[in-house]
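Reading the structure
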Amino acid sequence: MKERFFEALVKFGVNYDRETGWLSKPIIFIVYSRRSRWEIERLFLFEDHFLVFEGEKTSRKISFDKIREIKFLQKLKTSRE
């Protein structure tokens, strides 16, 4: 999964800071069990899981085998931008 994660980052043109866990652009994890979509801006990699941060103080652990797909989050520009 680590290889797949880094391949996806290269494909999407996203940089990952290993020290802080920040991604240069958000990505999406599609999770098997609930087919839920997790928007990821910051995470850390471990041997068999990711530690995903939500805000400043909240985090969730997700095992590599629970992730079905990694997608790039494309935010649509509004006419005001």
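This text goes with the structure placed above it.
Notes on the structure in this doc start here. Being a predicted model, the structure only gives us computed values, none of them experimental.

Points about the sheet that holds strand β4 (residues 58-63)
The five strands are arranged β4-β3-β2-β1-β5 in an open sheet whose pairing can be described as antiparallel. Here the strands that pair on one side only, and so sit at the sheet edges, are β4 and β5 (67-72). Averaged over neighbouring strand pairs, the angle between their axes works out to 45° when direction is ignored. Where strand β3 (residues 49-54) and β4 come together, six bridges link them in antiparallel fashion. Note that in β4 the partner of Leu-51 across the bridge is Lys-61.

Overview of the environment of Ile-40
Among the structural elements, Ile-40 can be located in strand β2 (residues 36-45). Taking the C-alpha atoms as reference points, Ile-40 and Ile-27, separated by 13 residues in sequence, lie 5.2 Å from one another. When neighbours within four sequence positions are excluded, Ile-40 is seen to be in contact with Leu-23, Pro-26, Ile-27, Phe-29 and Val-52.

Some thoughts on the packing of aromatic side chains
Inspection of the entire model under this criterion finds eight aromatic pairs. Following the ring pairs from residue to residue traces out a cluster consisting of Phe-5, Phe-6, Tyr-16, Phe-29, Phe-50 and Phe-64. Just above the ring of Trp-38 sits the side chain of Arg-60; from NZ or CZ to the centre is 3.6 Å.

Describing the nonpolar core
Core analysis: the biggest nonpolar cluster contains 20 residues, and Phe-5, Ile-27, Phe-29 and Phe-50 have the highest contact counts within it. Within the residue set of this core, elements represented by two or more residues are α1 (2-12), β1 (22-31), β2, β3 and β5. Among residues more than four places away in sequence, those in contact with Phe-5 are Tyr-16, Leu-23, Ile-27, Phe-29, Leu-43, Leu-45, Phe-50 and Ile-70.

A closer look at α1
One turn of the α-helix equals 3.6 residues, which is why residues spaced by three or four share an orientation. All of the buried residues along α1 are Phe-5, Ala-8, Leu-9 and Phe-12. Along the axis of α1, the buried residues cluster in a sector spanning 100°; they form a single face. Of the residues in α1, the exposed ones pointing more than 90 degrees away from the buried face are Glu-3, Glu-7, Val-10 and Lys-11.

Conventions adopted
- Residues numbered from 1 in each chain as written.
- Predicted model: local features only at pLDDT ≥ 70, side-chain atom pairs only at ≥ 80, totals over all residues.
- Heavy atoms only, no water.
- Pairing = 2+ DSSP bridges.
- Helix = DSSP H or I, 4+ residues; strand = E, 2+ residues; numbered from the N terminus.
- Axes fitted to C-alpha atoms, helices over the stretch in contact; angles between N-to-C directions.
- Contact = heavy atoms within 4.5 Å.
- Phe/Tyr/Trp six-rings, centres within 6.5 Å; stacked < 30°, edge-to-face > 60°.
- Lys NZ or Arg CZ within 6 Å of the ring centre and 35° of its normal.
- Core = buried A, V, L, I, M, F, W, Y, C linked by side-chain atoms within 4.5 Å.
- Buried < 20%, exposed > 50% of the residue type's maximum accessible area, 1.4 Å probe, protein only.
- Arc of directions from axis to C-beta.

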